[in-house]
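# Examining the three-dimensional arrangement
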Amino acid sequence: MADAKVIPFDDDRSRGGPARSGRRRNGPPHRRPTPAAESRETAPVLPPRRAEPAPEPGPVRAQEEDAGRAGGWERRLAGSLAFLRRRLTGEYEVDAFGYDAELTDQVLMSLLRPVYEKYFRVEVKGIENISAEGGALIVSNHSGTLPLDGLMLQVAIHDEHPAARHLRLLAADLVFMLPVVNELARKAGHTLACAEDAERLLDAGELVGVMPEGFKGLGKPFSERYKLQRFGRGGFVSTALRAGVPIVPCSIVGAEEIYPMVGNARTVARLLGFPYFPVTPTFPWLGPLGAVPLPTKWTIQFGEPIPTSGYAPEAADDPMLMFNLTDQVREQIQHTLYELLVQRRSVFF
């Protein structure tokens, strides 16, 4: 941006000339000026300084900018080629569960991020309730006909948390029975929803996500939106107690409306081996186009963690304690859902 020009103040210039001795005609006698006034009157009048315009960017500067852009493209291209070489030669690491951190960060997150930021425009609250290190169990409601809420939850924690933490979701058996989906789920860090795998991850200091409603919440009709289904037998509470990690309740608003499920073709579901076959206002009537989710506005809020480290080791086998903690987590999530719905201006804005 060019420098601003300096505007001269012409009114401050001297208007006096050399003093003349003697008396003025038809006026009072002339007085000898004081030394200060004499110096002002005899001082030369200088023309105002004008600010010179900033020089235009020369060819050297333009060449430097072009070289910088070219260098950035070269670095990105070199990084992409190195990534492809590692994938082709197998020079990358996965953990015991098949989690591929490099593929998740550079490919899967890059594909999900535009959907998270531009399509669903996810707003995250309470991310400070997730610690920067150490294990924790994230417990969330589940909805939306297809499990897009789990993927958006994973992006939210990775992109919004200061420590860019990864969420390891516990998924149902069906996820690992589907071709292609099985491999992608493993690469993204998801694992089977069993207590043994969850405890191993929590003991290793990982964030583990669980959605206790399961298919009951994911495939519930649109008329029952934002009404939590049963949270099972409280197995997630027992897992948190054994690992001694906090439970962080999480409430997601916006996923219920992406596929308004108005019917369930149970016969088709049984033939395909699915827990339900959704019928929405657009699917299956519009074919593949009907599978495009509606662009609703999402809000994800993490509540205050519920500590479990103060309980004795045998507390994990106390059914009454597990029931009470499960009910506490469920009530906190349900109450937050109602609060977020009251604050929401519109489904889409």
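Keep in mind it's a predicted model, so treat the numbers as computed, not measured.

Analysis parameters
All residue numbers here refer to positions counted from 1 along the written sequence of the relevant chain. Per-residue local features are limited, in this predicted model, to residues with pLDDT of at least 70; the limit for side-chain atom pairs, both in listing and counting, is 80 or more; totals at the level of whole chains, interfaces and linings are taken over all residues. Only hydrogens and water are set aside; all other atoms, that is, all heavy atoms of the structure, feed into the side-chain values. Helix and strand definitions here come from DSSP, where helices need a minimum of 4 consecutive H or I residues and strands a minimum of 2 consecutive E residues; each element is numbered from the N-terminal end. Note on contacts: a residue pair qualifies if any of its non-hydrogen atoms lie within 4.5 Å across the two residues. Distance thresholds for patches are 9 Å for like charges and 5 Å for nonpolar side chains (Val, Leu, Ile, Met, Phe, Trp, Tyr), applied to residues having over 30% relative accessible area and no salt bridge. Each accessible area value is a Shrake-Rupley result obtained with a 1.4 Å probe; residue values ignore everything except the protein chains displayed when judging cover. For salt bridges, the criterion is a side-chain nitrogen of Lys or Arg within 4 Å of an Asp or Glu carboxyl oxygen. The pLDDT value expresses, per residue, how confident the predictor is, ranging between 0 and 100. Note on classification: 1.4 Å probe, protein chains only; a residue is buried when its accessible area is under 20% of the maximum for its type, exposed when over 50%, partly exposed between these limits. Here the rule is simple: two strands pair whenever DSSP picks up at least two bridges between them. In these notes, a set of buried Ala, Val, Leu, Ile, Met, Phe, Trp, Tyr and Cys residues joined through side-chain atoms within 4.5 Å is what counts as a nonpolar core. Of the grid points, spaced at 1 Å and generated over the protein atoms alone, those admitting a 1.4 Å probe that cannot get out make up cavities, while open sets with protein on both sides within 12 Å along at least five of seven lines make up pockets; any residue with an atom within 4 Å of a point is treated as lining. Grid points are joined across faces, edges and corners, and a volume is the space filled by probe spheres set on the points. Three classes are used: nonpolar for Ala, Val, Leu, Ile, Met, Phe, Trp, Tyr, Cys and Pro, charged for Asp, Glu, Lys and Arg, and polar for all others, with Gly counted as polar. When the strands point away from the viewer and the path from the first strand over the helix to the second turns clockwise, the crossover is right-handed.

## What about the environment of I300?
Within the fold, I300 resides in strand 9 (residues 299-302). Put simply, I300 and G254 are 46 residues apart on the chain and 8.8 Å apart in space, counted from C-alpha to C-alpha. In this structure I300 touches V122, E123, V124, K125, M152, L153, A156, C250, S251 and I252, once residues within four positions along its chain are discounted.

## Comments concerning a nonpolar patch on the surface
A cluster of nonpolar residues, V268, L271, L272 and F274, forms a patch on the protein surface that exposes about 380 Å² of accessible area. Relative to the helices and strands, L272 is located in helix 9 (residues 266-272).

## Some remarks on the confidence of the model for the protein
Mean pLDDT for the protein: 85, with 80% of residues reaching 70 or above. For residues 1-46, every residue scores under 50 in pLDDT, and the model assigns this stretch 23 contacts once sequence neighbours within four places are set aside.

## Some points on the pairing of strand 5 (residues 207-210)
The two faces of strand 5 match: L207 and G209 on one face and V208 and V210 on the other face are all buried. In this structure, strand 2 (residues 136-140) lies alongside strand 5, joined through four bridges in parallel fashion. Bridge pairing in strand 5 links L137 to V208. Bridge count for strand 3 (residues 167-171) against strand 5 is three bridges, and the pairing is parallel.

## Quick look at the pattern of salt bridges
If you walk through the whole model with that rule in mind, you get 13 salt bridges. Across the salt bridge formed by D100 and R87, the nearest N and O atoms sit 2.4 Å from each other. Of the two residues, D100 sits in the loop between helix 2 (59-89) and helix 3 (101-119) while R87 sits in helix 2, which places them 13 residues apart along the sequence. Given the relative accessible area of 19%, R87 is considered buried. For the salt bridge of E199 with R242, the shortest nitrogen-to-oxygen distance reads 3.9 Å. Placement of the pair is E199 in helix 6 (residues 195-203) and R242 in helix 8 (residues 235-243), with a sequence separation of 43 residues. Residue R242 is classed as partly exposed on the basis of its relative accessible area of 45%. Counted as one network, the salt bridges with shared partners bring together R86, R87, D100 and E102.

## Some points on the nonpolar core
Counting 29 residues, the largest nonpolar core has V139, F236 and V329 as its most contacted members. Sorting the residues of this core by element identifies strand 2, helix 6, strand 5, helix 8, strand 6 (247-253) and helix 10 (319-343) as the ones contributing at least two each. Per-element accounting of this core gives the leading share, seven residues, to helix 10. Apart from residues no more than four positions distant in its own chain, F236 is found in contact with L137, V139, V210, P212, F231, T326 and V329.

## Overview of empty space enclosed by the protein
For the structure on display, the rule yields one cavity of 30 Å³ or more. Computed from the structure, the largest cavity encloses a volume of approximately 50 Å³. In terms of residue class, the lining of the largest cavity is made up of five nonpolar, four polar and two charged.

## Examining the pairing of strand 3
Regular strands have side chains that alternate between both faces of the sheet. Within strand 3, five of the five residues are buried, leaving the element largely enclosed by the surrounding structure. Of the two faces of strand 3, the one lined by L167, L169 and A171 and the one lined by R168 and L170 are each fully buried. In the sheet, strand 3 pairs with strand 4 (residues 191-192) via two bridges, with the strands oriented parallel. Across the sheet, the residue bridging to L170 is T191, located in strand 4. In the classification by handedness, the crossover that spans strand 3, the intervening helix 5 (residues 181-187) and the parallel strand 4 is right-handed.

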